[in-house]
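In case you want the letters, here they are:
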Amino acid sequence: MIERDLAPYLALRRRPADQPVVMWQKWRALLFLHWTYEPDVIQATLPAGLTVDTFEGRAYIGVVPFFMRDIRPRWVPPVPGISNFLETNVRTYVRDGAGRPGVWFYSLDANRRLAVWIARLTFRLPYHYAKMRASGRDLGAGIDYELQRQGGERPSSRFSYRAAGQPQEAEPGSFLFFLVERYLLFAATGPSRLAAGQVHHTPYPIVPATAAAWDSRLITAAGLPDPGRPPDHIAASPGVDVAVYPLRRIPA
């Protein structure tokens with residue numbers, strides 16, 4: 001990515017001044033697994049209006065397991081048993097017609113039925129209910145994380161990961177910045193209709209990580225080709241506190 005391309009990425013890191021916060025979230029102990037793909041393979045899976053975003057000519061699919069904590073609408077305090085759950089997403093990186101960079105989700109698994117229902121209704125995202133468990137929450141000590149989707153093909157996945165270094169922010173323009181510093185999500189709200197929703201948080205503290213167990217079953221369950229190899233890039237983050245803003249329709 002060259003210097004003149006940084007402006008749209010950096011602009012989205014600013015807190016929106018013209019939108020109300022609709023939800024507060026805490027994302028904790030994230031693992032970022034990424035595989036390279038040919039851009040035309042990814043482009044063929046995207047809806048009209050989105051173009052695959054690339055770094056040095058390569059597209060990327062990410063699998064991101066993590067812990068959701070203290071999830072709540074802005075006017076409601078966290079509720080024990082509802083506000084904390086596990087989530088894993090499969091995603092790629094895209095731009096809309098205005099050149100804004102963001103994330104396109106192929107799937108999101110969570111182990112709270114209410115969270116799945118609300119996310120599908122409010123943010124039009126492809127959430128699935130899954131049975132999930134995790135032993136440990138500390139990246140330094142290591143985390144073992146499992147899921148079994150309920151319904152459909154019922155893919156299962158296991159991730160065992162730990163930190164292997166000290167946290168630092170991704171340098172703007174770097175490959176790591178391209179992968180993790182994303183503040184806009186895109187969703188299909190109807191036939192040939194897209195919307196975008198922004199999030200705001202401080203830049204991720206990113207640590208190098210190792211993954212003793214991983215798999216690509218969620219990627220193939222999303223209809224993508226199996227990469228057939230270990231992840232091309234592995235990183236982790238202790239997490240960030242997040243403000244979530246409403247979806248806004250993108251003009252056709």
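Calculation criteria
- Residues numbered from 1 in each chain as written.
- Predicted model: local features only at pLDDT ≥ 70, side-chain atom pairs only at ≥ 80, totals over all residues.
- Heavy atoms only, no water.
- Salt bridge = Lys/Arg side-chain N within 4 Å of Asp/Glu carboxyl O.
- Buried < 20%, exposed > 50% of the residue type's maximum accessible area, 1.4 Å probe, protein only.
- Patch = residues over 30% accessible without salt bridge, like charges linked within 9 Å, V, L, I, M, F, W, Y side chains within 5 Å.
- Areas by Shrake-Rupley, 256 points an atom, 1.4 Å probe, with all protein chains shown as cover.
- Helix = DSSP H or I, 4+ residues; strand = E, 2+ residues; numbered from the N terminus.
- Contact = heavy atoms within 4.5 Å.

Before going further, it helps to spend a moment on the pattern of salt bridges. Counted under the stated rule, the structure contains 14 salt bridges. Between Asp-96 and Arg-100 there is a salt bridge, with the nearest N and O atoms lying 2.8 Å from each other. Overall, Asp-96 belongs to the buried group, its relative accessible area being 7%. The residue Arg-158 makes a salt bridge to Asp-144 at a minimum N-O spacing of 2.8 Å.

With that settled, consider a nonpolar patch on the surface. There is a patch of nonpolar side chains on the surface, built from Val-79, Ile-82, Leu-114, Trp-117, Ile-118 and Leu-121 and spanning about 540 Å² of accessible area. In this fold, Val-79 is placed in the loop between strand S3 (59–73) and strand S4 (85–96). For Val-79, a relative accessible area of 34% puts it in the partly exposed group.

As for its position among the elements, Ala-110 is in strand S5 (residues 101–110). Here Ala-110 falls in the buried class, since its relative accessible area comes to 0%. Residues Ala-110 and Tyr-129, 19 residues apart in the sequence, show an inter-C-alpha distance of 5.4 Å. For Ala-110, the contacting residues outside a window of four places in its chain are Phe-85, Leu-86, Glu-87, Val-116, Tyr-127, His-128, Tyr-129, Ala-130 and Met-132.

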